[in-house]
Amino acid sequence: NDQQPLAGLNALITAGPTQEPLDPVRYITNHSTGKMGYALAQAAKALGAAVTLVSGPVALPEPTGVNVVQVLSAEDMFEAVQRRFASADIAVMAAAVGDFQPEHADAEKIKKQGRADLTVRLVSNPDILVWLGAHQRTDGSQALCGFAMETEDLIHNAAKKLLAKRCDMLVANDLREPGAGFATDTNVVTILTPAGNGKGSSGGENNGGADDDGADDNGVLNQQVH
Ligand code: C5P
């Protein structure tokens, strides 16, 4: 109905940072607060969806009426999302997933005594969104939305991600834009959708890929939203 346009649909949303352990007391993470993903989960719930929120460690209260799955590392988040994707009609990957993890997490606390320096080798984490893009239902009945935060060439990089990760929509935000970036109560984004894609682009003005920002977007149309 009008108030609940997502009634009957399952939404799978990720939020927050991940923690990649170095030893039992230390980890590598990022500045994500989870605000964006939690707000999306609440909004999807209000629009009638059955929402599962896979969340990295954040300081936010769990939204009511939302199934919250708490995870720590990118690998944990990957497993949690993989298990739930087949039944998701909408997947919104708003988490700031760590791109790398220490190759080896020490079982004991790393000691500083006797060390002048310490080298930690990092290895790539699985890219959850890439996996989702490659494992979508073949009937096109799932909507897949990714996020991108960049410090340079935002639209160009976001357009590349949209296509490489086979998303229906990519929300691009600039770390340094006032009112956008980490830990803000507002966001300023550009929403990119693939040109000529029937789903997910309603309201967008399809200009056939000849968008006006001058970037080489490989047939991506975009739209500024505040
Ligand atoms: O390539 P980048 O990490 O900037 O892509 C951002 C998008 O990809 C976000 O939607 C993020 O949630 C998702 N992502 C992911 N798994 C990763 C890295 C990023 O799902 N390991």
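See the structure above.
Residues numbered from 1 in each chain as written. Predicted model: local features only at pLDDT ≥ 70, side-chain atom pairs only at ≥ 80, totals over all residues. Heavy atoms only, no water.

1. Considerations on the pairing of strand β9 (residues 143-150)
The buried fraction of β9 is high, at 6 of 8 residues. Taken together, the 4 bridges between strand β6 (residues 90-93) and β9 define a ladder with parallel strand orientation. Each residue of the ladder has a partner; that of M93, found in β9, is G146. Here 6 bridges tie β9 to strand β10 (residues 169-174), and the two strands are oriented parallel to one another. In the strand pairing of β10, A148 is matched with A172. (Buried < 20%, exposed > 50% of the residue type's maximum accessible area, 1.4 Å probe, protein only. Helix = DSSP H or I, 4+ residues; strand = E, 2+ residues; numbered from the N terminus. Pairing = 2+ DSSP bridges.)

2. Observations regarding the environment of H31
Relative to the elements of secondary structure, H31 occurs in the loop between β3 (26-28) and α1 (35-46). In the structure, H31 is positioned 14 residues away from P17 in sequence and 7.1 Å away in space, judged by C-alpha atoms.

3. Topic: α1
Counted at 1.5 Å a residue, the expected span for α1 with its 12 residues is 16 Å, and the 16 Å between its end C-alpha atoms agrees. Looking at α1, one finds that the buried residues are G37, Y38, A41 and A44. Along the long axis of α1, the arc covered by the buried residues comes to 125 degrees, so they all point the same way. Against the buried residues of α1 lie β1 (10-15), β4 (50-55) and β5 (67-70). Directly after α1, the chain includes G48, whose backbone phi takes a positive value near 105 degrees. (Expected span 1.5 Å × (residues − 1). Arc of directions from axis to C-beta. Contact = heavy atoms within 4.5 Å.)

4. Brief notes about the pairing of β10
The handedness of the β9 to β10 crossover, carried by helix α4 (residues 154-164), is right-handed. Here β10 runs beside strand β11 (residues 189-194); their pairing, made up of 4 bridges, is antiparallel. Considered in β11, the bridge of A172 is made with T190. (Right-handed = clockwise from strand over helix to strand, strands pointing away.)

5. Quick look at helix α2 (residues 74-85)
In a regular helix each residue adds 1.5 Å, so 12 residues correspond to 16 Å; α2 covers 16 Å between its end C-alpha atoms and thus fits that length. Among all positions of α2, only A74, M77, F78, A80, V81 and F85 are buried. Structurally, α2 contributes buried residues whose contacts are with β1, β2 (20-23), β4, β5, β6 and α3 (128-134).

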